[in-house]
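Commentary on secondary and tertiary structure
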Amino acid sequence: FKIKNMIPLAKDVEEIVGFVKSSLGPKGMDKLLISENGNLKVTNDGATILKNVSCDSIASIIIRDICTVQDNEIGDGTTSVCCFAGELVKEAEKLVSLNLSPQIIIQGYRLGAKRALEIVKENSFNNSLNLEFFCSDLLNLAKTTLSSKVIFSNKEHFARIAIKAILKLKGSTDLNRIQIIKKCGGSLKDSFIEDGYILQKKMGNNQPKRIYNAKILIANTPMDSDKIKILGAKIKVKTLAKLAQLEVGEQKRILDKCKKIASHGANVFVNRQLIYSRPEKFFTENGLISIEHADFEGVERLSLATGAEVVSTFDEPSKIKLGKCKIVEEILVGNETMIRFGGCPSDGACTIVLRGSNNELLEEAERSVHDTLCVLTQVIKNPNLVWGGGFLETKISNSIDHLAKKASPKITLVLEAFSRSIQKIPKIIIENGGFDSLICLKKLKNAQFKKNSFPCIDITNGSITDAKKIGLIECIKLKIQIIISSVEAAEMIIRIDKMFLNSSH
């Protein structure tokens, strides 16, 4: 007598989790992703890994989606949500083999998730009323987030950069005001944060390299006089004199356009398209700094930072809004000249410049810093925090074990499975650190019964310590989202008992 596997996708989920789980935690391994055209990407971010792995199974799509949601909602915890969902499905498969109905399993998981969310909220704390303590919590939270990233060795430096950037927003959560520039050269320690906005361009020839109290006109308009090729038309002339007249007319037309631009009172002109030699010479003679060929994203961010609006015509002055900033100057980043717009009216406009030895490192550093900024913005919205390092998972596991004793026999089995699943997160982190998970988890469970303590795992040496002493803090929204997303994904997979190929006619 052989019991059939009632969860067809369980094997696929197990393979995905087995591939990703070695990246979980501060001592997790990185994955080298190679695209079809040979581009390399080194990362340990769960969402990034699953997005770039070519796998067409239904399970991979479901797991990828919950990781993407976690990444979009919180910015961190993508590997954790993948591992937890996988462990729930694995435990469910064992329960199905014991002839437990999938509906009973789903009911038990929902009950476990409800209790887990209650424990998370009961064990949260909030120091937002004390500015000094709150800033210290933010720093510890940033360092905890960066502990599992490639830039772990410089987490103190990048944590302070992220905190400065977030505090400049003055309560706003608009991360578009924070620009991140990657520049090869130097080391990660050479990364810095700069007030204002940095544009990776140069000023025009023979133009001043610094200007104060700038009035900025941002445009997306062609500045060449050769309209014939653009329109695909041909003009035939009989004499060179007629050709000269045609050229003079074209030059006059572009000169009139330059005069309209200068008439609006701006002293800095930024254009998305090229500015050729004649218009540039006109702007120089009339005291305007011209910046050409600014990228689309750069123009949009500059518009947001300075308060300007991007325009394409200059006939109606009432429809043109100039941007303002205190200083526009050329600066040197590494060996490349860039333009800094300082003293922008928009709150929080700043630029983080990342330095590093290669592009792959810079790409992962950007993802790490962005994840940290996302987590910090969540804390600005909801300042409740929880202790990390396996403290909360063990607390939830103990509470659900206690709840299971009062439930019906079948629900008890499901709740115990839920408890084992959530305990697998610290177990995987310990194993990735090279320590004995059985001994560490036993010590951690026993330490939970001490009053006024927050026992957690110190992954640097595998010992049990107090999370409050070492500042191991996590965002409450992150924990809540991990539980909700994982249980919902597991429920969706458990509900599937048959798969059919729908062939199109």
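Residues numbered from 1 in each chain as written. Predicted model: local features only at pLDDT ≥ 70, side-chain atom pairs only at ≥ 80, totals over all residues. Heavy atoms only, no water.

Note on placement: Gln200 falls in the loop between strand E5 (197-199) and strand E6 (210-219). When the C-alpha positions of Gln200 and Ile331 are compared, they lie 10.0 Å apart, and in sequence the two are 131 residues distant. Excluding anything up to four places from it in sequence, Gln200 contacts Ile181, Glu336 and Met338. (Helix = DSSP H or I, 4+ residues; strand = E, 2+ residues; numbered from the N terminus. Contact = heavy atoms within 4.5 Å.)

With that out of the way, let us pick up the packing of aromatic side chains. As enumerated under the stated definition, the model contains seven aromatic pairs in all. For the pair Phe269 and Phe283, a centre-to-centre distance of 5.2 Å together with 50° between the ring planes defines the contact as tilted. Taken together, the residues Phe269 in strand E7 (residues 268-271) and Phe283 in helix H10 (residues 277-285) connect sequence positions 14 residues apart. Like Phe269, the residue Phe283 is buried in the burial classification. Where Phe282 meets Phe283, the ring centres are 6.0 Å apart and the plane angle is 70°; that geometry is what we call edge-to-face. An aromatic cluster is built from Phe125, Trp387, Phe391 and Phe454, whose rings are joined through pairwise contacts. Looking at Lys31, its charged tip hangs above the ring of Phe19, at a distance of 5.6 Å from the centre. (Phe/Tyr/Trp six-rings, centres within 6.5 Å; stacked < 30°, edge-to-face > 60°. Buried < 20%, exposed > 50% of the residue type's maximum accessible area, 1.4 Å probe, protein only. Lys NZ or Arg CZ within 6 Å of the ring centre and 35° of its normal.)

Another point: the sheet that holds E6. A sheet is described by the order of its strands in space; here six strands give the open sequence E5-E10-E9-E6-E7-E8, paired in mixed fashion. The outermost strands of the open sheet, each flanked by one partner alone, are E5 and strand E8 (289-291). Across this sheet, the average inter-strand angle for adjacent strands is 35°, counted without regard to direction. Relative to strand E10 (residues 336-342), strand E9 (residues 323-333) is paired through seven bridges, and the arrangement is antiparallel. Note that in E10 the partner of Glu329 across the bridge is Arg340. Across the sheet, helix H11 (residues 296-306) lies against E5, E6, E7, E9 and E10, angled at about 150° from E5, the strand it touches most. (Pairing = 2+ DSSP bridges. Axes fitted to C-alpha atoms, helices over the stretch in contact; angles between N-to-C directions.)

Once that is clear, we can look at the environment of Ser318. In this fold, Ser318 is placed in the loop between H11 and E9. As a C-alpha pair, Ser318 and Leu33 span 285 residues in sequence and 52 Å in three-dimensional space.

A complete count under the given rule lists 26 salt bridges for this structure. With its nearest N and O atoms 3.8 Å apart, the salt bridge here joins Lys94 to Glu91. Residue Lys94 and its partner Glu91 are located together in helix H4 (residues 78-97), separated by three residues, close to a single helical turn. Judged by its relative accessible area of 3%, Glu91 is buried. Across the pair Glu91 and Arg420 runs a salt bridge whose closest N-O atoms are separated by 2.9 Å. One end of the pair, Glu91, is in helix H4; the other, Arg420, is in helix H14 (residues 409-432), and 329 residues separate them in sequence. For Arg420, a relative accessible area of 40% corresponds to the partly exposed category. In the salt-bridge network here, residues are joined through shared partners; they are Glu194, Arg210, Glu329 and Arg340. (Salt bridge = Lys/Arg side-chain N within 4 Å of Asp/Glu carboxyl O.)

Quick look at the nonpolar core now. If you look at the biggest cluster of nonpolar residues, it comprises 98 residues, and the most contacted ones within it are Tyr109, Ile352 and Leu373. Filtering out sequence-adjacent residues up to four positions away, Ile352 remains in contact with Ile161, Ala165, Ile178, Gln179, Ile180, Ile181, Phe192, Ile193, Val369 and Leu373. In terms of nonpolar packing, the next biggest core, distinct from the first, is built from 22 residues, Ile218, Leu302, Val328 and Phe341 among them. (Core = buried A, V, L, I, M, F, W, Y, C linked by side-chain atoms within 4.5 Å.)

At their nearest, the axes of helix H5 (residues 102-122) and helix H17 (residues 476-495) sit 10 Å apart, and the two run at 180° to each other. When the axes of H5 and H17 are compared, the pair comes out roughly antiparallel. Along its contact with H5, which presents Pro102, Gln103, Ile105, Ile106, Tyr109, Arg110, Ala113, Ala116, Leu117, Val120 and Lys121, the element H17 presents Ile476, Lys479, Ile480, Ile483, Ile484, Val487, Glu491, Ile494 and Arg495. The class makeup of the residues in the contact of H5 with H17 is 14 nonpolar, one polar and five charged. (Parallel < 35°, antiparallel > 145°, perpendicular 65-115°, else oblique. Nonpolar A, V, L, I, M, F, W, Y, C, P; charged D, E, K, R; others polar.)

The next subject is unusual backbone geometry. The backbone phi angle of Asn206 is positive, close to 60°, even though this residue is not glycine. What makes Asn206 exposed here is its relative accessible area of 75%. A positive phi angle, close to 55°, is found at His293, a residue other than glycine. Here His293 shows up in the loop between E8 and H11.

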